Structure formats: structure tokens, C-alpha cells
Amino acid sequence: MMRSLHHLRRLPGNLLIAAACAGVPAAHSQPARASASPAAAAPAGQPAGQAAAAQPREQFVDGIAAVVNKDVITLREVDNGALRATADLTRRGIQVPPQDILRRQVLQSLIMDRLQAQEADRLGIRVNDQQINQAVQTIAERNRMSVEQMRGEIEKSGVSWDEYRKTLGTDIRMTRLRQRAVDSNIIITDAEVDAFLKDRARNPAFGAEAPGRPAAQPALAAASGPEVVALAQILVRVPEGASPTEVAALRNKAESLLAELKQGGDFASLAAASSDGPEALQGGVMGARPIEGWPDLFVQAIGSVAQGQVSGLIQSGNGFHILKVLQRTGGGSQQPAPAPQPPMMPQAGGDMRAPQGPVQVTQTHARHILIKTSAVMSDDQARQRLSQIRQRIVNGGASFADMARQYSQDANAPQGGDLGWVNPGEMVPAFEQAMNVLPEGGVSEPVLSPFGWHLIQVEARREHDVSDELQRMQARQILFERRAEPAYEDWLAQLRNEAYIDNRLEKQEQIEQNNR
């Protein structure tokens, strides 16, 4: 899987701006007095899921908003999250939902955060101070400032440096989790790349042509590059196993939201109040990427939708979507160009224009040994094992390839960990930085990446024209982006479906409604 590392560079490049503007998660409140165990939450002989309905007032005295597996989310956490969400929505100019709806949205977000944290624990994914320091240095360099200058900017925004570092560590950890659990399982085959490039060769607008949308003029498309589209969504989620009656009710809800939008309703405010998507409290904003990088279902739905307009209702495996086209640029689009972005917030997907003439780069022929962390293999244990393996190699007692075949947990272990010829930018930064400083024949110290711990050996280097390889790498990135978000949403849904979740706040609200 290491050969496809160039797909997986989802590092926290925008964390400085995001954390400074949006605030950080509150620390855990004091543990509630009630047991966090599902079994203990219900009286003997009564199903655990009925306990909250039986004695909601007693449970709320204990301050538990939800039980997530064997963990609890307190009312204090929900209220603190609601305060931060209110400040962020106000800053964005988005209408704040009524307090009961806002708390419900915040709790749903906290539940998903807790599920992901539990999964990271299960996989042994942790972040230490050294890794946070390295990320801080990288972010400062991207913003062309020193760490002290960056700290000053963060603290000016009202976020303490300790809070920022805590948020940064959490984001790095969640990035590593997503790369391990989702991104690493997305395989783009050579046949898919071939088919994609053939389609693009037939379309001078780089695939910007979509159903119902006129093709861009070749000269204009070539000058402006691929079309980049920024989208927001409102998602009405359909739970797994929902009955036809439940699906029909949820469809009616989505149709009502669409009707309200057509009558002039504010998309961001409706998303904050009604969307089940993870980006609901950001007004539904999903970001910007080349048109080819969005899922096919979305591309077809927005083919004839102008900037600022909304799509019709779209049904996917996750539920019903309504999309808003926030911006169209490039690809012959006549929309105004976006304002320049800070260095830390690049457009997703990069520049997809075909290279003009030869592109000479220094390629590295490398091997690696991968040890993954887990609940039974900590960072320290993985690093120590690789240090021992490295000692055997540098002392001449074993070859790197033999050690890779015996110990590496990557798919290329049978080939002695051979990665072939690697282009610049093709590996995640930590791996590439360690590889680039090695001499030919050199073996690195243990190196941490989102995939685990590595030893790296450089066998040779060469200058090579990579015009064709660059096109193929860019095509792989587009195809990866097209699949990544749906795969991530499916993974989140699976986490939720397999978890024990007792949403006591929701049950309490339902009881109060029934008593009115």
C-alpha cells in the first residue's frame, strides 16, 4: 500500500486558521455519577436501551447526555460545545438554530468524535509532543512566519497556545485514523487510470463537461485549467435498515427543506439546523475541488446548476442530499476567480493541466519496512523493534530485503519492501523527508508516518523525465478524491451502526414533547 502514499496527504494544512477561528473542544467534565456501562444503565431484567425511557429525570440529574459504548458525554460538554458553535456560526454570519436544535446537533458531532477517538484507541494511534512540535513548525513555515509569530497570532484570536496544541494533536490523530482506516483501502488500478486519461484526451476541457452543461471552448479551458467547484450540502440521513415508511418520511423532510430553499431560505442556516452531515455546523460547506474529484452522483446533479444555486434532491446510500454550488472557477467557467488563498489553504486537487514538454525530476529507488501500531503494539515498541532490525542490517548480519520479507506489514513485503522508483511528492512528507536525506545505500532511523513506523533504504537515484508519470499521478489523485469522501461517510456510518449509543438528551426531548 505504500506505493499509493501520494494519495494520502491529508495533513492538517489549514489547522492554524481553523483552530484560531473555531475554537477548541472543551476538556472532559467531571465524571458523572451514573455508570457508563450499558448493562449497568438498565435495571436487572430490563433491556439496556429502555433504561433511559424508564427514568429520564434520574439520569439527567447525573448530567449524562449520551452513552457511547462504555464512554459518556456529559451535558456540560454539550453546553460548552453549543457556546462555541454559537460563536462560530455568528462569526460566519449564519443564523444560530434554536437552542434545543443546536444542542442536538452538537451532541451528534460529539458522538461521532467520541466514536472516532475510541477507534483510534483500538488501533493504538497516538500523538506525542514531538509530533505536535513538528506539525507546529510545518504550519509556521507554510504561513511564512516563525513559531513565536504564529503563537502570537493564535493568542490574538482568543485561543490559548495550550488549547491550540491540544486541538492540533487531536486533528493529527484523526487524520492518521482516517488515513489508516479509510484512505489506505482505496485502490486505484492502472486500468482505471488508463480509462480516465482516455476520457480526458477526448475532452479538451479536462472533463469539465457534465450532463446538461455546455462544453468549454478548448482554448479557454486550456488557459484556465480544470473547473474547480466548491459545494455545500444538506444531508437527511437514512439509517441502515430503515423501513419504507421511515424512508418516505425522511424523503418528505428533505423535500420540505428543498421547497424552503426554493422560496428563498438561507442554505447555511438550514444546514446548521437540519443537516445530518458532519459539516452541518459549518453551514454545510464541504470545500472545493476539481469537478472530476467529486462523486459521480454529485457531478451529474450539479451539471447545469449555476454558482449560488441549489440542486434537486439526490438519493445515495447514506440518504437524501441537497447541494449548493458555492463557486465555479476555471475550466472555461465565466464565474469570477476566487480571492487569493493563504498558503495553508490550497485548492483541493492542485493544478491538473498537462505538463508542457519534458519534466526532469530526481527519482529515488527505495525500500521500506513497515510496523503498524495497534492496541498490542505501541509507538515505543514499534520503534524499538525497528531499531533492532536496523542494527542487524547495518552490522551486515542481514539484508534489508530479507528483513522486509520477514517483518514488514506492508503489501510489498514479499518483494523485500521494494517501492520502485519514487517521484518527489509521491510519499507522505515525513517519509519523503527522511528518504531524501539518506545517501545511496543508507538506512534510516525509525520514521513515523500516518501508516505506522518505517525503516527506509535508498538503493539508487536518477534524473528522469516524468511527464507521463506526472499525468498518471494527477489522474490517480483525482480518482482518489472522487472516492474518498463517500468512503469516509460509509466508514463513519459503519462505526455508528456497530456502536452502542444511548442518546438520553434526544429521549428527554421526546418525552417533553409528548407531555406538552
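Treat the numbers as computed from the prediction; the structure is a model and nothing was measured.

*Asks:* Give a detailed account of the sheet that holds strand β6 (residues 319–329), specifying residues and quantitative values.
*Replies:* Ordered in space as β4-β3-β6-β5, the four strands form an open sheet in which the pairing is antiparallel. Since the sheet does not close on itself, it has two edges, and those belong to β4 (285–290) and β5 (314–316), each with one partner. The sheet shows a mean angle of 40° between the axes of neighbouring strands, direction not considered. Helix α11 (residues 244–262) contacts β3 (228–237), β5 and β6 of the sheet and is inclined by roughly 30° relative to β6.

*Asks:* Give me the nonpolar core: which residues, what numbers.
*Replies:* If you look at the biggest cluster of nonpolar residues, it comprises 33 residues, and the most contacted ones within it are L107, L177 and W491. At the level of secondary structure, the elements contributing two or more residues to this core comprise β1 (64–68), α4 (75–92), α5 (99–122), α8 (161–181), α12 (267–274) and α17 (467–497). Viewed by domain, this core spans two of them, domain 1 (74–183) and domain 2 (226–329 + 471–509), each represented by three or more residues. When neighbours within four sequence positions are excluded, L177 is seen to be in contact with Q116, E119, A120, L123, I125, V182 and W491. With 15 residues, the next largest nonpolar core counts A382, I389, A404 and V443 among its residues.

*Asks:* Describe the confidence of the model for the chain, naming the residues involved and giving the relevant values.
*Replies:* Across the chain, pLDDT averages 80, with 78% of residues at or above 70. Counting contacts from residues 1–61, a segment whose pLDDT is below 50, to residues more than four positions away or on other chains yields 146 contacts. In the predicted structure, residues 206–224 sits below a pLDDT of 50 and forms 44 contacts with residues beyond four places in sequence or in another chain.

*Asks:* Could you give me a rundown of the packing of aromatic side chains, with the residues and numbers involved?
*Replies:* Applying the stated criterion to the full structure yields two aromatic pairs. Ring geometry for Y488 and W491: centres 6.1 Å apart, planes at 25°, overall stacked. Placement of the pair is Y488 and W491 together in helix α17, with a separation of three residues, close to one helical turn. For the pair Y488 and W491, one class covers both residues: buried. Over the aromatic face of W421 sits the side chain of R462, whose NZ or CZ is 4.1 Å from the ring centroid.

*Asks:* Kindly report on the packing of helix α9 (residues 190–202) against α17, identifying the contributing residues and their values.
*Replies:* Interhelical geometry of α9 versus α17 gives an angle of 100° and a closest axis separation of 9 Å. With respect to α17, the axis of α9 lies roughly perpendicular. Contact residues: D190, E192, V193, D194, F196 and L197 in α9; Q471, R472, A475, R476, I478, L479, R482 and R483 in α17. Taken together, the residues of the contact of α9 with α17 break down into six nonpolar, one polar and seven charged.

*Asks:* Tell me about the sheet that holds strand β9 (residues 447–449), and name the residues and values.
*Replies:* Two modes of strand pairing occur in sheets, parallel and antiparallel, and in both the strands are linked by backbone hydrogen bonds. If you trace the four strands from one edge of the open sheet to the other, you get β8-β7-β10-β9, paired in antiparallel fashion. If you trace the sheet from one side to the other, it starts and ends with β8 (418–422) and β9, each paired once. For this sheet, the mean angle separating the axes of adjacent strands, direction not counted, is 40°. As defined by bridge partners, β9 adjoins strand β10 (residues 452–465) across three bridges and the pair is classed as antiparallel. Along β10, the bridge assignment pairs S449 with G452.

*Asks:* How would you summarise the pairing of β1 if you had to cite specific residues and measurements?
*Replies:* Counting buried positions along β1 yields five of five residues, so the element is predominantly enclosed. Pairing between β1 and strand β2 (residues 71–74): four bridges, direction antiparallel. Its bridge partner being in β2, V68 is matched across the sheet by D71. Taking the residues that link successive antiparallel strands as the turn, the β1-β2 hairpin has two residues, and the phi of N69 there is positive, at about 55°. Note: β1 against strand β11 (residues 501–503), three bridges, orientation antiparallel. Looking across to β11, one finds that A66 is bridged to N503.

*Asks:* Lay out the pattern of salt bridges with the relevant residues and their values.
*Replies:* Counting across every chain of the model gives 25 salt bridges. Residues D88 and R92 are paired through a salt bridge, measuring 2.9 Å at the closest nitrogen-oxygen approach. With D88 and R92 both in helix α4, this residue pair falls four residues apart, about one helical turn. On the basis of relative accessibility, which here comes to 7%, the residue D88 falls in the buried class. R92 gets classed as partly exposed once you look at its relative accessible area, which sits at 37%.

*Asks:* Which residues make up the pairing of β10, and what values go with them?
*Replies:* Pairing geometry for strand β7 (residues 360–371) and β10, over twelve bridges, is antiparallel. Along β10, the bridge assignment pairs Q363 with R462. Adjacent in sequence and paired antiparallel, β9 and β10 are bridged by two residues.

Criteria and cut-off values
Residues numbered from 1 in each chain as written. Predicted model: local features only at pLDDT ≥ 70, side-chain atom pairs only at ≥ 80, totals over all residues. Heavy atoms only, no water. Pairing = 2+ DSSP bridges. Helix = DSSP H or I, 4+ residues; strand = E, 2+ residues; numbered from the N terminus. Axes fitted to C-alpha atoms, helices over the stretch in contact; angles between N-to-C directions. Contact = heavy atoms within 4.5 Å. Core = buried A, V, L, I, M, F, W, Y, C linked by side-chain atoms within 4.5 Å. Buried < 20%, exposed > 50% of the residue type's maximum accessible area, 1.4 Å probe, protein only. Domains from an automatic or database assignment. pLDDT = per-residue confidence, 0-100. Phe/Tyr/Trp six-rings, centres within 6.5 Å; stacked < 30°, edge-to-face > 60°. Lys NZ or Arg CZ within 6 Å of the ring centre and 35° of its normal. Parallel < 35°, antiparallel > 145°, perpendicular 65-115°, else oblique. Nonpolar A, V, L, I, M, F, W, Y, C, P; charged D, E, K, R; others polar. Salt bridge = Lys/Arg side-chain N within 4 Å of Asp/Glu carboxyl O.

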